[in-house]
Structures are given as structure tokens and as C-alpha cells.
Amino acid sequence: MWQAEVQIDLGAITSNIALLASGTSAQVMAVVKGDGYGHGAVPSARAALAGGATWLGVCTLGEAFELREAGLTTPTMAWLWMPGQPVASAIKQDIDLGVSSIGHLKAVIDAARETGQPARIHLKIDTGLSRSGATPADWPTLVEAAARAQKEGLVKAIGVWSHFVYADEPGHETIDRQLDVFHDGLEIAKRHGLDPQLRHIANSAATLTRPDTHFDLVRPGVASYGLSPVEGQSFGLRPAMTARAQAMLVKRIPQGQGISYGHTYFTAAQANVVLVPLGYADGVPRHASSSGPVQINGKRYKVSGRVCMDQFVVDVGDAQVTEGDEVILFGTGEHGEPTADDWARACGTINYEIVTRFGSARVPRTYV
Ligand SMILES: *Cc1c(COP(=O)(O)O)cnc(C)c1O
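The rules we used
Residues numbered from 1 in each chain as written. Predicted model: local features only at pLDDT ≥ 70, side-chain atom pairs only at ≥ 80, totals over all residues. Heavy atoms only, no water. Near = heavy atom within 4 Å. Polar contact = N/O pair within 3.5 Å; in protein donor to acceptor, adjacent residues only side chain to side chain. Areas by Shrake-Rupley, 256 points an atom, 1.4 Å probe, with all protein chains shown as cover. 1 Å grid on protein atoms, 1.4 Å probe; cavity = no way out; pocket = protein on both sides within 12 Å on 5 of 7 lines; lining within 4 Å. Sits in = over half its atoms within 2 Å of the grid points. Nonpolar A, V, L, I, M, F, W, Y, C, P; charged D, E, K, R; others polar. Salt bridge = Lys/Arg side-chain N within 4 Å of Asp/Glu carboxyl O. Helix = DSSP H or I, 4+ residues; strand = E, 2+ residues; numbered from the N terminus. Buried < 20%, exposed > 50% of the residue type's maximum accessible area, 1.4 Å probe, protein only. Expected span 1.5 Å × (residues − 1). Contact = heavy atoms within 4.5 Å. Domains from an automatic or database assignment. Buried area = accessible area lost by both parts, 1.4 Å probe.

Draft legend 1. Spatial organisation of the site of the ligand. Around the ligand, the surrounding shell holds 14 residues, and the nearest of these are Lys33, Tyr37, Ser204, Val222 and Tyr352. In this structure, Lys33 approaches the ligand through a side-chain N or O atom, which is 2.7 Å from an oxygen atom. Contacts to the ligand include Val222, whose backbone N or O atom sits 2.8 Å from an oxygen atom. Out of a free accessible area of 380 Å², the ligand has 96% covered by protein chains. Cavity membership is defined here by more than half of the atoms lying within 2 Å of grid points; on that basis the ligand lies in the largest pocket. A per-class count over the shell around the ligand returns 7 nonpolar, 4 polar and 3 charged.

Draft legend 2. Fine view of the pattern of salt bridges. The tally for this structure, following the rule as stated, stands at 17 salt bridges. Glu173 is paired through a salt bridge with Arg177; the nearest N and O atoms lie 2.4 Å apart. Here Arg177 and Glu173 lie together in helix H8 (residues 173-191), a separation of 4 residues that amounts to about one turn. Arg177 gets classed as partly exposed once you look at its relative accessible area, which sits at 48%. For Arg362, the salt bridge is made with Asp282, and the minimal N-O distance between the two is 2.8 Å. Taken as a pair, Arg362 in the loop between helix H11 (351-357) and strand S19 (365-367) and Asp282 in the loop between strand S14 (271-276) and strand S15 (293-296) lie far apart in primary sequence, 80 residues in all. On the accessibility criterion, Asp282 (2% relative accessible area) is buried. Taken together, the shared-partner salt bridges connect Glu231, Arg300, Asp342 and Arg345 into one network.

Draft legend 3. Spatial organisation of helix H6 (residues 102-115). Spanning 14 residues, H6 covers 20 Å between terminal C-alpha atoms, matching the ideal 20 Å at 1.5 Å per step. Within H6 the residues assigned to the buried category are His104, Leu105, Ala107, Val108, Ile109, Ala111 and Ala112. Tucked into the core, H6 has its buried residues touching helix H5 (87-92), strand S5 (95-99), strand S6 (119-124), helix H7 (139-151) and strand S7 (155-161). The N-cap residue of H6 is Ser101: its side-chain oxygen and the backbone nitrogen of Gly103 are 3.3 Å apart. Two residues or fewer after H6 comes Gly116, characterised by a positive phi angle close to 70 degrees.

Draft legend 4. Layout of the domain arrangement of the protein. The domain architecture assigned to the protein consists of domain 1 (10-225) and domain 2 (241-367). One C-alpha centre belongs to domain 1, the other to domain 2, and the line joining them spans 38 Å. Taken together, the 9 residues of domain 1 in the interface contact 9 residues of domain 2. Taking both sides of the interface into account, the surface hidden between domain 1 and domain 2 amounts to around 780 Å²; carbon and sulfur atoms contribute 62%.

Draft legend 5. Highlighting the side chain of Thr339. Tracing the backbone shows Thr339 in the loop between strand S18 (326-330) and helix H10 (340-347). Ignoring any residue separated from it by four or fewer positions in sequence, one finds Thr339 in contact with Phe330, Gly331, Thr332 and Gly333.

Structure, rendered in C-alpha cells:
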């Protein structure tokens, strides 16, 4: 019997992907980085493929290898790696690589020579996020070098891609500006003889709100897990994760009693307090101290006082709570329970971070 668990509704992931796929003629790459945003990379990937995804996207080579080790042969792309890592192994396992610089291209070319197999690459142009990707100034040089390597049979330039700054605000002026830079980048690639079959730039928000950004492939992450990337709009997505625990201990404490480290919370009256066996080691943000919402026996309460590493306390006043009763931190919201969005608001963060944090090894994940 669990004392705390994260429950994942894989059917929700499948139906979210199906919903996203139905709204586009582009292929869908399900992004399963960060251990599937805390939902488990491999089961999430399988659920996404069942919903119509034809690609998987991850950051690190290690994440890509994990998918291959699990027997997933779906086209997979990894975009956050560096020279010196096992690039040859990635090529042998048909893992597509994002390439942002001449240095990365050289590493890919060396690895292709070593394996005798061309590397499948996606050239990234930085259209304004200033994260990875070649700047528009460096782009022509990168494209030219990639075209040369392609002629020599060392790489296959499968894709040209980028990433948005502000897609969560569908009308934001940066979107059009980035699209202009992207189109210019594609034109330059074409002029150098590259004809990438996959042009891609859309994350969840752009997939849901800007069809003009879909090109050949979309890369939804957070929406696959049923969370909205746009404040105040749900798009019919179904949250896949529920985080819950059992009331581990219930006791009566006096009025004016401080609770948890630093006594940042005091009871207003004599109260029943519930000890919940989840803390920041499990993914509960410490910023949820005296603000994170929970539901116990159908009623809403808040974390009372500081969140500790392993536990927190909830003042439920005179409510009768029995040890073993279910404490729901967040779920779909269909039964009045808080959602990951409610937690994000309470902690001053985004829903992405809330679910991703709950990937800790200590909390068992159950799949339904
Ligand atoms: C994480 C990530 C995505 C998915 O973003 P969401 O906002 O979760 O849809 C897509 N592309 C890249 C490059 C990413 O790093």
C-alpha cells in the first residue's frame, strides 16, 4: 500500500496526442524529455505513439538511449548534447541530432566517419530565443559546411528547426519576427543545396494556437501530458498526472501553536492537523509553504507552514480526518481537486515545473 504516489493516466496522453494530431497535417513529435515531464519517458512515449505521434523528442543522448534500450525504434531526435559524448553510438542507433554550431557539426562528421554511417542531423537556427541554434550571422557558414558534408555522404540534413520565445502568447510580435528569420534561414539552406524534409518550430502553444507555424512537424511537450501552455485556456486537454498521499498522522493541537520549521504558521484555534508524507525531495516545491492547495475528503485546504524535505502539515480545523484518508495534491480537477495549474499559481511557477518535479525516485508511479 502506498503512502504517496503519482498516478499517470496513459490514456490521457494518448488522447491528448490524438487531439493535437487531429489539428494539424504535420507529423507529431511527442517531447518526452525530463523523464516525460515527470510522467515516465518510456510509458509516455508508448502512449503518445498510440495516439498518432510518429517522432519522439528528447534533450540528452542518455534520454534517447533509454528509449532505444526500451525497444522503441521510432524516429527520435536529441538536441542537447556536446562534442565528446557518444555521438557514434547515437548514429548507430539512428538517433537524429540537433546541430547548432560548426563545433557540433564537426563532432557529428567525425562520428559518422568512425561508424561509416551518415549522421541524421537537424540544423538549428536561433531565431531569437538566444539559447541554442546558430545565430543568423553564423547560419550561412553552418549551412554551407553541412551541405559539403552531405555531398561527402557524412550527414543527411533531415531537418531545419528553431524554437519560440513567446508562443504562450499567441499574438506576441516575437512570433512573426521569428517566423521571418526562420523563412530566411530556410531560403539560405535551399540556396546552399539543402532540401530538408522536416522544417519544425512549433511547441505545444504554437501547435494549439498558430497553424501557420506547423510546417512539417510539431513538437508538443506539455500539452501531451494534458497541461495547457496558455494561461486560461484548456483546449480540451486531459491532465495525465495525479499526485496524492495518505494522511500519515492526525492529531489535535492547541490554538496559537506554530507549525513546522520556523513557525511561519500558527493555528487560529484548536485544530486537527494532518501530516502528509511528501516533501521537496519528492517534488513538492518549498515555495508551496502555506500556499499549496490540497483536497482531503472532498474539501480544500492549504499547506500550513513550511514544506519540509519529506513532509508537510495541513491544518484542517475541526474537520474529522482519519489516518489513511487520501490527500490529493493535484489531479484533473474533475472532482474539485486542485490542478497542477493551481499549484503553479500558488508557487509562482508554471505547470511544467510542477509535474516535472514529481518524477522523484522515492514516490512510486502507478500507471492506469
Ligand atoms: C521542451 C521543448 C519542446 C516542447 O515544449 P512545450 O512547450 O512543452 O510544448 C519543444 N521543442 C524544444 C526544443 C524543447 O526544448
